[in-house]
Amino acid sequence: MTGEPVFSYHSVSMSSLLDWFIDPDKRIIPVGKKVVAKSPLLPNELIYTFDAVAYDPYFNEAIIHSVFEKNPNFSNKAIEAGMSPDFNSWNLTMLGTAIAGKEVLKADLYVSLCGCGNWDDQLIKSFQLLSYLKDKPLRYLEVPKVDIENEKMTRNFIKCELKQFFEWLSLNLHFKYKEDDIKQAILQGNNLRKDILDINKLISDYPGLLPSLEYYLLQSLLSDYACNPDVLHQKYLTLINELKVKTRELAISDNNTKSKRFRIYIMGEPIQELGMLNILESHGGILIGCDTWLDLYYDLIDPSRPPFAALSEYILGMPTNGTIYHKIQRTINHIKQQKADGVILHSITKSKSIPVAEKLIKDLVSEQGLPILPIETSFPGESLDASEYKIRAFIEMNQ
């Protein structure tokens, strides 16, 4: 079985959201706005403050070109151009589209998080290469590890780093920002965080309310707000209202048959083989949560605090910016909240971030009495037979 995704939730609101993946031309960029290409977990407030457009090429280039356009050749172009074949498929596709000049959106600047110790070195190197290939400015936001003994110094460091980052963006985007601009960006981001938290609560209470594939992609839109946070918020609200109507119908009929499915939570790296999410359902499972974008909505940014202090606290509090143990514990809290029956730990072939922590993740998840299944996938379109066999056996053994 190949990993070609199959959508099964049909409504105007869902189609409108999924169009941003299937037809990237639907991402209309207002004339004159600059596009800032960002690493997946860099908070979008840092870009929308400047009336610019955030774009996550790591996720979107691969999903659009490799999955929906079924063109896996861009990764080969990256290797032919001298990129390391040891890079994972996400990085290779992103670099290949840039080499071929086929990016979905052309970036004016590149920005990325780095420095906390847990970031993917491949991604940092990829952004360096993108900046060089396109002759565009690059800036990293350095995030220190939280040092309990020097907590005040750590907070002061990130505030200073954030201010310098903002000054660099202001200079390169030719936009003189005000405090109110930051506050407005925080408001936009918090609206979307609330939307995803509401959707998660509905899925936790009514598993199967959304198919696994659609639910997964809905969360991925948080990586760059689909280039328009206000429009995305309205589309989320429309879908949430639609889902609430469905929950009332289910409550009246007392017929939420999918609630008896095996509730699966996915940890780890983003999935390119989206067909794996269809496989879950074909064998009695249902996705009820994932931690792929949890850093972007783990909490609201405090709007009552001075903007720089609020953003600094949020960035330092992101699960990824803590120790590996801290990050896993934060994810386990989310797993409990979503009432999972089992966990799939997903990694990508040639990626180095998950294998390092795999044993600790297995141990900590098992301590919660939950079964866990490691799954490794590669490029879209390759056979998923081995993964399907493992998933089917995992569900059958634990259901």
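Here is a short report on the structure shown in this document. (Residues numbered from 1 in each chain as written. Predicted model: local features only at pLDDT ≥ 70, side-chain atom pairs only at ≥ 80, totals over all residues. Heavy atoms only, no water.)

Bringing empty space enclosed by the protein into the picture now. With a probe scaled to a water molecule rolled over the atoms, the places where space remains empty come into view. Within the structure shown, the criterion is met by 1 cavity of 30 Å³ or more. Reported here for the largest cavity is a volume of approximately 70 Å³. Taken together, Ala37, Tyr55, Pro57, Glu61, Met94, Thr97, Ala98, Glu103, Leu105, Ala107, Tyr110 and Leu130 make up the full set of residues lining the largest cavity. Elements supplying a minimum of two residues to the lining of the largest cavity: helix 3 (57-68) and helix 5 (89-100). Here the lining of the largest cavity is composed, by residue class, of 9 nonpolar, 1 polar and 2 charged. (1 Å grid on protein atoms, 1.4 Å probe; cavity = no way out; pocket = protein on both sides within 12 Å on 5 of 7 lines; lining within 4 Å. Points joined across faces, edges and corners; volume = space filled by probe spheres on them. Helix = DSSP H or I, 4+ residues; strand = E, 2+ residues; numbered from the N terminus. Nonpolar A, V, L, I, M, F, W, Y, C, P; charged D, E, K, R; others polar.)

Roughly 220 Å³ of internal volume is contained in the second largest pocket. Taken together, 15 residues make up the lining of the second largest pocket; nearest its centre are Lys33, Tyr48, Asp51, Gln188 and Pro229. Within the residue set of the lining of the second largest pocket, elements represented by two or more residues are helix 8 (179-205) and helix 10 (229-253). If you tally residues by element for the lining of the second largest pocket, the top one is helix 8, at 4 residues. For the lining of the second largest pocket, the per-class residue count stands at 7 nonpolar, 4 polar and 4 charged.

Glancing now at the pattern of salt bridges. A full pass over the atoms with the stated rule returns 13 salt bridges. The residue Glu103 makes a salt bridge to Lys134 at a minimum N-O spacing of 3.2 Å. In this pair, Glu103 sits in the loop between helix 5 and strand 3 (109-114) while Lys134 sits in helix 6 (residues 121-134), placing the two residues 31 residues apart along the sequence. According to the relative accessible area criterion, Lys134 is partly exposed, its value standing at 25%. In this structure, the salt-bridge partner of Lys359 is Asp363, at a minimum N-O distance of 3.0 Å. One end of the pair, Lys359, and the other, Asp363, are both in helix 14 (residues 353-366), 4 residues apart, so they sit about a helical turn from each other. Judged by its relative accessible area of 61%, Lys359 falls in the exposed class. Connected via shared salt-bridge partners are Glu103, Lys106 and Lys134. (Salt bridge = Lys/Arg side-chain N within 4 Å of Asp/Glu carboxyl O. Buried < 20%, exposed > 50% of the residue type's maximum accessible area, 1.4 Å probe, protein only.)

With parallel pairing, 4 strands are arranged side by side in an open sheet as 6-5-7-8. Looking along the sheet, the strands with just one partner apiece sit at the ends: strand 6 (285-290) and strand 8 (372-377). Ignoring which end each strand starts from, the neighbouring axes of this sheet average 35° apart. Pairing of strand 5 (residues 262-268) with strand 6, which is carried by 5 bridges, proceeds in the parallel orientation. Within strand 6, the residue paired with Arg263 across the bridge is Ile286. Packed on one face of the sheet, helix 11 (residues 275-282) meets strand 5, strand 6, strand 7 (342-348) and strand 8 and runs near 130° to strand 6. (Pairing = 2+ DSSP bridges. Axes fitted to C-alpha atoms, helices over the stretch in contact; angles between N-to-C directions. Contact = heavy atoms within 4.5 Å.)

For helix 13 (residues 324-337), with 14 residues, the first-to-last C-alpha span of 20 Å sits near the 20 Å given by 1.5 Å per residue. For helix 13, the set of buried residues is Ile328, Thr331, Ile332, His334 and Ile335. Down the axis of helix 13, the buried set is contained in an arc of 160°. They therefore lie on one face. Among the residues trailing helix 13, Lys339 stands out with phi positive, at a value near 60°. (Expected span 1.5 Å × (residues − 1). Arc of directions from axis to C-beta.)

Geometric values such as these leave the question of function open.
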